[in-house]
Amino acid sequence: MSNNTSVWVYTDTVKQHFMHPKNVWEDESYEADGVGLVGSLACGDQMKVGIKVEQDRIIDLKWQTYGCASAIASTSMMSEIAIGMTIEEAYRLTPAMITERLGGLPQHKFHCSVLGDKALRAAIDDFLEKRGRDNPYKKQVAKIICECKGITDQRIEELVKNKEATTIEQLREITGFGTVCGKCQFKVHQLFDEFKHIYNV
């Protein structure tokens, strides 16, 4: 028996979404109400998501990605889940929820599912911004990473995205993370690296 059976570790659902992805953005004339772009071609993963919204509900979603099978499958699945959701529900969509619907991803490929929900949130941000509306959902989904200083994952993300913190030293200077009990250091470093990858910093 061939050893190749252990090589293909993707579920049938992942394979299906990779071979026949849903809601791909193929028509350049597609007019989205909000567009989100994350990732970098230099790193091999870039994601663009466009949404159409009616009465704060996503009625259509198209996406483009340059990435691996996991990135394609997870974005395809994300698009299926998000269509029909309110923008608030869609903003709360997590990589874990997408991965669960795919029946799981290999551990080293889990980061590929992060881009889809980030691009979706960026598209919702863009939609609200274009209409001059506040975004109440950002605070609702923020997670505190440094309890001593009250630093959230979203604060770290914004600082990296806006290139205000391009090194971990700058991030520490601005936020003061890790200067009290130090328990958050590993998690902050992990998030910082992840956001640098996502936003090509």
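Given the structure is predicted, the values throughout are model-derived calculations rather than measurements.

Scoring rules and cut-offs
Residue numbering note: each chain is counted from 1, following its sequence as written. Totals for whole chains, interfaces and linings use every residue, but because this is a predicted model, local features are given only for residues with pLDDT of at least 70 and side-chain atom pairs only at 80 or more, for both listing and counting. Calculation of side-chain values draws on the structure's entire complement of heavy atoms; hydrogens and water are dropped beforehand. Secondary structure elements are taken from DSSP: a helix is a run of H or I of four residues or more, a strand is a run of E of two residues or more, and numbering for both begins at the N terminus. Any helix carries an expected span of 1.5 Å times its number of residues minus one. To sort residues, take the accessible area from a 1.4 Å probe on protein chains only and compare it with the maximum for the residue type: under 20% means buried, over 50% means exposed, and anything in between is partly exposed. The directions considered for the arc run from the helix axis to the C-beta atoms. What counts as a ring pair is set by centres within 6.5 Å for rings of Phe, Tyr and Trp (its six-membered ring), and what kind of pair is set by the plane angle: stacked under 30 degrees, edge-to-face over 60, tilted for all other angles. Any Lys NZ or Arg CZ found within 6 Å of a ring centre and within 35 degrees of that ring's normal is scored as a charge over the ring.

A. Helix α9 (residues 185-198), seen in detail. Given a rise of 1.5 Å per residue, 14 residues ought to cover 20 Å, and the 20 Å separating the end C-alpha atoms of α9 matches this to within 8%. Val188, Leu191, Phe192, Phe195 and Ile198 are the residues of α9 that are buried. Buried residues of α9, viewed axially, fall in a sector of 130°; they line one side. Asn200 occupies a position one or two residues after α9 and carries a positive phi of about 55°.

B. View of unusual backbone geometry. Even without glycine at this site, Asp56 takes up a positive phi of about 60°. When you line up the elements, Asp56 lands in the loop between β2 (45-54) and β3 (57-66). A positive phi is found at Lys163, a non-glycine position, where the angle reads about 60°. By secondary structure assignment, the location of Lys163 is in the loop between α7 (153-161) and α8 (168-175).

C. Geometry of the environment of Gly103. Along the chain, the position of Gly103 falls in the loop between α4 (95-101) and α5 (114-130). Through-space distance from the C-alpha of Gly103 to that of Asp12 is 8.3 Å; in sequence the pair is 91 residues apart.

D. Structural view of the packing of aromatic side chains. By the definition in use, this model includes two aromatic pairs. With a centroid separation of 5.4 Å and 70° between ring planes, the pair formed by Trp25 and Tyr30 is classed as edge-to-face. A residue is classified by how much of its surface remains accessible, and Trp25, at 7% relative accessible area, is buried. Ring geometry for Tyr91 versus Tyr137: centroids 5.9 Å apart, planes at 45°, classification tilted. Of the two residues, Tyr91 is situated in helix α3 (residues 87-91) and Tyr137 in helix α6 (residues 137-141); the sequence distance between them amounts to 46 residues. An identical accessibility class is assigned to Tyr91 and Tyr137; each is buried. Between the NZ or CZ atom of Lys48 and the centre of the ring of Trp25, over which it lies, the distance is 4.3 Å.

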